[in-house]
Amino acid sequence: MYFPLGWPKRVSLALPGESAHIRHICCDAVKILVAAVGSDFLGIWYANPLLPIAYYRRSVESVQQHGGNHLIIWKPDSRQLAVLTDAGSLLLYQLDFDANGSGILMQVDPPALSLKRDSAELFIKENIPRLSLREVRCVTLDAVISTVCCISLSELLLATETCELLRVQWSQLELGAENLQPLAVIKLRDIPFYVQQQQQQPAKYLPAIGNAAFVASLEYSPFIGGCAAVFSDQRAAFLIADHLRFETAHMHGCWVPDVSDASVCSVNHKFRLLAYGQQSSAVAVYAIDDATAGLEYSHRLMLTENVLPGSLGAVNELKWSPDGCVLAVSWANGGLSLWSTFGALLMSTLSWDFGLHVDLLKQNPLQLRRLEWSTEGYQLFMTTREGENNVLQLQFVKSALSMNPCMSAHSHILLQGDDCLYINQGDNLEQTYGNAKCTFPSSSVTSNDDCLELKQTPHTGSILTESKYWTLLQLPLNYAATNWPIRYAAIDAAGLHVAVAGRTGLAHYAMLSKKWKLFGNESQEKDFVVSGGLLWWQGFIVMGCYSLLDRTDELRCYPAECKLDNQFGHKLQVRAPVISLNSYRDQLIVLTADGIVSLFHMHRQSAYIINIECAYELDVKSICIHPACIVSLTVTNLRNELKPQQQQHHQTEAETIVVNVCGRILMIQREEAAQQVPNTLLATCLASCVECFWLSHNLEHCAMRDCLWLFSGAHGMRVWLPILQQRAEQSGAQRLHSFMSKRIMLSFPLKLYPLVILFDNVIVLGVENESTLYTNETNSHFALPFSLMERKSQVYLHKVLRQLIKRNLGYSAWEIAQSCRSLPYFPHALELLLHEVLEEEASSKQPIPDAQLPSILDFIREFPVYLQTIVQCARKTEIALWPYLFSMAGKPKELFHLCLQAEQLETAASYLIIIQNLEPSSVSKQHANMLLDIALNQRKWELAKDLIRFLKAIDPNEIDSPRCSMVLNVKIAPPQPQTQTQVNQNADVFNLVLGPIATRERSYSTTVTSNLPKDNKQQSVAASVERSEAPSGGSSTAPASVVRRKSTKERQQREIFCIDLILQRHARQLLQHHKLLDLGYMCAYLDFHLVNWLTQEATGAAKLDNIAAALQMLHAELQLPSPFPPAAGRDDFAQLRGTHRQTAAAGSSSQTSESGYFSLAAQMESPQLQPCIKEEEELQLSSLPMLKNRSNSQLSFDNFRYRRLYSLPASEDDNSDVLATYLNDKLAIKLRYLLQLFIEANCTDYALMLSILLQDAASISRIVNVVIRSESVGACKRIEAALKQLSQCTFDNGSSLYRGFVMTLQPHIYLLEQYIQSLGETPDHDDGEDSNDLSADAASVLEKDALDGSNNNFVPKSQQLPNGNQRTSEQRLTRHASLESKSKSNGNQANPSSTQSTPTQQTQRRGSREVGRDGCWVM
């Protein structure tokens, strides 16, 4: 609840201009004045700003006679103070105020204009009083005074070393020791001491106090009616007086049990707690039992992290904060810690970062001796043990709940400093994730939708769940200058308005306008003091206050929309000072100092007027010692019994009062429905040791509504929730008071201090302290760590579910889980639930009679994330715990198959890790192959990539080795370098996964990792070389058998080869179904060598028998319009084409391919085409019979047969531009990349289809050149047939997308016809050979064509021979000559008259034929 902020500041409290060792610091009752003593002086300082007011220095004789100053005790009215010396004397000082009222500061500007203060911020408006300090008397008794404490406004209690307590008045000290007559002398050795208040056996009050023992530490509290005492023999006691006279006959003592090494004590007045520091570094805290007035053990404070046992030393100081919410503890060996009221650790300096050169166990920089809280607990003064200027001041911020408990109903964390506010608001995340959606699978059978969708605008709780930013609001100087510090702070439910109240008056801030509102009339601001609390209600600020002008206690309401002025405020006078207030809906509950609880009804008449009426009053003095012991209270309709749902909705008036009295939660409710006022005699105690509580009555459709949430410090979190009935038991009024209608109290631990509970998000929000070090310089002001605050959160859903399941309340747990299923971290909560139970039961050394894990698994099985929860929990726990988990959850293989059935492939992949560690590697490999096949079919490329890496990582030596639950390090062989080896192509070896494959050809990976020793590796490489020299086919010359060793390398080769087979099989399926984009994704994600594989499949799966059907399927796969729509749809398609004509016309008339070639589609005006060719080939082309004329460097094709068959007029129904609008840039880039891969792999059929889809005439020209130059008649015929088939389908469907583009391809068809006719004498059985020749030479021809038009001499790798040389034209001419001679001989046999031609004609014919074979191509 308290959190340090910033650096610990070193302050000097010595005399001005001097440096001295400060021995003790003490603040007065109102924490405005600070007194500090050295060995020979006393100084009085003002708290803020920290300025010296008065000093008194003792004489040397006084110091020698009475000893140095040791301890300070203030009189409650701040007019006198006493100083205890080392020699046991008591020095009395008088503090006189200046009657003139002038302050100690004279703020006078210098005469120079440049030095005058123009801003009000440069003036100190605080009127610091002028005080004078004088010594009144020195009191020296016969016995040495050991310690002193103040017990009332006028009395002191002096403890002497003779084991006596003297009760004296302050006025008696002025008379001196000679005339000092104590009011009472209590001889502690004469009073009875009991153990556990066993007065029935008075003989057991022994052992008595030792002869040499005396009271060393003493502190009194009026709320407990006694004193906490520590004796010099380290025994701890509680001294109780029957009345305030403190006489021997009316007093008795109670020994503190289990504390025999006490060192110091401290008392919490508000919660009635006694804390005893021990020599063992622990702090024992006890409460007062109201029934017996004895001690009741509460909790123990002890650091267990970052410390060694006994390294801290004894506890040397305990100090409760002014509001009783925090206990500061320091140790003799150094260190400081802060604990909440009931033992929650808030901060420890032992976890701070002091640098690498500081050993906190040997020499802690914070060797503290004394602690003292300043005004409202915002500063902590700390004195170090040694050195001068030994005072440190640590700044704190605290939660608004410490002073204003009514803020627990809001969902914003509000921290208040002395002059600033820290708000965890989350506006930035609301802007970022304002339109975010979250989905979660639904288990409802009747729901048609598979997901539950959250609201587009996230709830405020969802924003605050993720927000870790602080909004800092600085108090305006005009208000803070005279009203420092902040006492109360409040924020409204929406987080848009903030109100603060200081010493007097109040101010409020609007988040939207970023402006503060103050009282316009400053006198009105000074006329009242806010007390008891501050809250927002429907735009009004409601507060309890005390009017300094009228001297009355009031309730005031100010509207936020108006300016702050009394004329707009509403006043209601109450009978006593307001201690606490809270609101519920339209009701206001107020506790006053006379022990009366009043309930008011608030009615808003307008934006500026509010009406408050008192409903009833209730006397609560019977349930508390004093009204100041009531920590907080609220009013609600929460009851012990559950009411029917209909009555809950119609009920608006609260009927129950919940009160926190000294940490005990009391519920006061009406006895009957007709009773108007609750009866305090029927108060029910629900829990004890409670610091703060929350009510979840604002929830509507949630199973956790009407719950009471309690935080009990070291005892953790508690929730008092109703047990839900099953639907079958909800019928009938007789069921209302059955067992299932009761409530239950559940408890669970928390790792942080809760400040806000987000019930809709089942998350607790809190703050943790962190530190950072900026410098290691010892003399620097920044040598100590800098304290920071970080907002933390914790999910508590799994904690509640576990407690319910443990108590066989599975239905209530299921209802609560169902209401939280839409939360994004619901699967994580189930995982935490399973993890906690598994860790606890599996690691238990004792047998568990009633194991909870089966019930937890049955509960999680009700949700669709069961499989995911099991595997996520298993992967985050130790392998040794897996057998226990899967013995109840099911075998991992069975769960793996369930994941496949549910199509949860990512979850199934996680189970592979489990199977690999619990089963032999062959089993995990088999399941991985199965999952890889499914992942490829479902296009889960990332998952497939991980699976391939998983398969390659399996050690072949462990394929058949069994697994056990223990992980043993058996990898003792040193790692070996990677080698490249050739894998045998014999299909008989690879039958592990895919079965016999002897009749198929497959590619394989040539990169494997060898784990063999060096000698075995060399032998294996030699064996592979020998096998490579043997015939690979089924030749009769091959040896009958080959002796092979199942070495590690061979197994690795086989595993890698099997993976390649799976990928090749899936790639073949994709290619056969024309899913080219999926093939590209597979190549990109899985590092699949697509070009090499396509080269092998060029004559297999990469061949297209029907290009028109394939194009139709490719359009469907790419979600493009049909390329050949039916004739009936011609008008619709023409209309669609007309809508896109204007867009397409804005582009260029020519289409450019990726390689830079220009398409001829737009240049085609008629069936005639004028392609561009090279200048050096013009003479050769002139001899072709198909060329009619020639003009410079352009050729025109003019053939009567061509015109008769394929000549068509240009039509207005050219739809080629429509397709271009559907091919976006990203899709076109992907298709062009695939086109380059298919061309490089010599897959002319798919390359042709992609060129047609892209309408890339240049690519088609390159493909035609490839097939012509390769001299493959079969390939030429296949390309010609494909183009003719496409032309036929295009012309049969007049509205085809490719009609205009296909018209531009007719010259290519004619060119192929001419070439085939020129080789028409070639026998048909050469087609297969020509097809093989195509795959051998096409790459070089293609690359040469791509580079012929430029001067670049770059030669692609695919164009190079194995020896690195390029394919030359002479090599192709050799092939040309053989074909020419063959065709010439065949021609002579067919036409004998050809033999009569002249040699010149034969030469021309030979040359023209060579050019026709080698030079007829279109660019």
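As the structure is a computational prediction, the values presented were derived from the model and not from experiment. (Residues numbered from 1 in each chain as written. Predicted model: local features only at pLDDT ≥ 70, side-chain atom pairs only at ≥ 80, totals over all residues. Heavy atoms only, no water.)

Side note on the sheet that holds strand 46 (residues 596–604)
Spatially, four strands are ordered 44-45-46-47 in an open sheet, and the strand pairing comes out antiparallel. Looking at strand neighbours, the two that pair on one side only are strand 44 (578–584) and strand 47 (610–619), the edges of this open sheet. With direction set aside, neighbouring strand axes in the sheet form an average angle of 20°. (Pairing = 2+ DSSP bridges. Helix = DSSP H or I, 4+ residues; strand = E, 2+ residues; numbered from the N terminus. Axes fitted to C-alpha atoms, helices over the stretch in contact; angles between N-to-C directions.)

What about the packing of aromatic side chains?
Summed over the entire model, instances satisfying the criterion amount to 29 aromatic pairs. With 5.6 Å between their ring centres and 90° between their planes, Phe519 and Tyr558 make a pair best called edge-to-face. A residue pair is termed long-range when its members are at least 10 positions apart, and Phe519 in the loop between strand 39 (515–517) and helix 6 (522–525) and Tyr558 in strand 42 (residues 552–559) qualify at 39 residues. As far as burial versus exposure is concerned, Phe519 and Tyr558 are alike and both buried. Aromatic pair Phe859 and Phe863: ring centres 5.4 Å apart, planes at 65°, arrangement edge-to-face. Like Phe859, the residue Phe863 is buried in the burial classification. Taken together, the ring pairs connect Trp709, Phe748, Phe759 and Tyr796 into an aromatic cluster. (Phe/Tyr/Trp six-rings, centres within 6.5 Å; stacked < 30°, edge-to-face > 60°. Buried < 20%, exposed > 50% of the residue type's maximum accessible area, 1.4 Å probe, protein only.)

A word on helix 15 (residues 905–918)
Helical geometry note: an α-helix holds 3.6 residues per turn, so side chains three or four residues apart project in the same direction. The terminal C-alpha atoms of helix 15, which comprises 14 residues, lie 20 Å apart, in line with the 20 Å expected from a rise of 1.5 Å per residue. For helix 15, the buried fraction is high: 10 of the 14 residues fall into the buried class. Among the residues of helix 15, those classed as buried are Leu905, Thr907, Ala908, Ala909, Ser910, Tyr911, Leu912, Ile914, Ile915 and Leu918. Tucked inside the fold, the buried residues of helix 15 contact helix 12 (866–875), helix 13 (882–889), helix 14 (892–901), helix 16 (921–937) and helix 17 (941–952). (Expected span 1.5 Å × (residues − 1). Contact = heavy atoms within 4.5 Å.)

Focus on the nonpolar core
The biggest cluster of nonpolar side chains holds 245 residues, and the ones touching the most others in it are Trp709, Tyr796, Val800, Phe859, Phe886, Leu1071 and Phe1238. In this structure, Phe886 is in contact with Ile870, Ala874, Lys891, Pro892, Leu895, Tyr911, Ile914 and Leu918, ignoring residues within four places of it in sequence. The next biggest cluster of nonpolar side chains, apart from the first, holds 25 residues, and it includes Phe193, Val215, Leu218 and Leu239. (Core = buried A, V, L, I, M, F, W, Y, C linked by side-chain atoms within 4.5 Å.)

Remarks on helix 20 (residues 1076–1086)
Leu1076, Asp1078, Leu1079, Met1082, Cys1083 and Leu1086 are the residues of helix 20 that are buried. Across the axial projection of helix 20, the buried residues extend over an arc of 160°, all falling on one side. Backbone geometry just after helix 20 places Asp1087 at a positive phi near 55°. (Arc of directions from axis to C-beta.)

Some points on the environment of Glu691
Note on placement: Glu691 falls in the loop between strand 51 (684–687) and strand 52 (692–695). The spacing of Glu691 and Phe342 is 349 residues in sequence and 7.1 Å in space, taken between C-alpha atoms. For Glu691, the contacting residues outside a window of four places in its chain are Ser340, Thr341, Phe342, Gly343, Val631, Asn660, Phe711, Gly713 and Tyr753. A distance of 2.6 Å separates a polar atom in the side chain of Glu691 from a polar atom in the side chain of Tyr753. (Polar contact = N/O pair within 3.5 Å; in protein donor to acceptor, adjacent residues only side chain to side chain.)

Digging into the pattern of salt bridges
Under the criterion given, the structure shown has 31 salt bridges. In this structure, Lys792 engages Glu790 in a salt bridge whose closest nitrogen and oxygen atoms are separated by 3.4 Å. Judged by its relative accessible area of 21%, Lys792 is partly exposed. Its salt-bridge partner being Lys876, residue Glu831 comes within 2.7 Å of it at the nearest N-O pair. Highlighted residues: Glu831 in helix 10 (residues 826–842) and Lys876 in the loop between helix 12 and helix 13, separated in sequence by 45 residues. Taken together, the shared-partner salt bridges in this structure form one network comprising Lys799, Arg802, Glu836 and Glu840. (Salt bridge = Lys/Arg side-chain N within 4 Å of Asp/Glu carboxyl O.)

These values are about where atoms sit, not about what they do.
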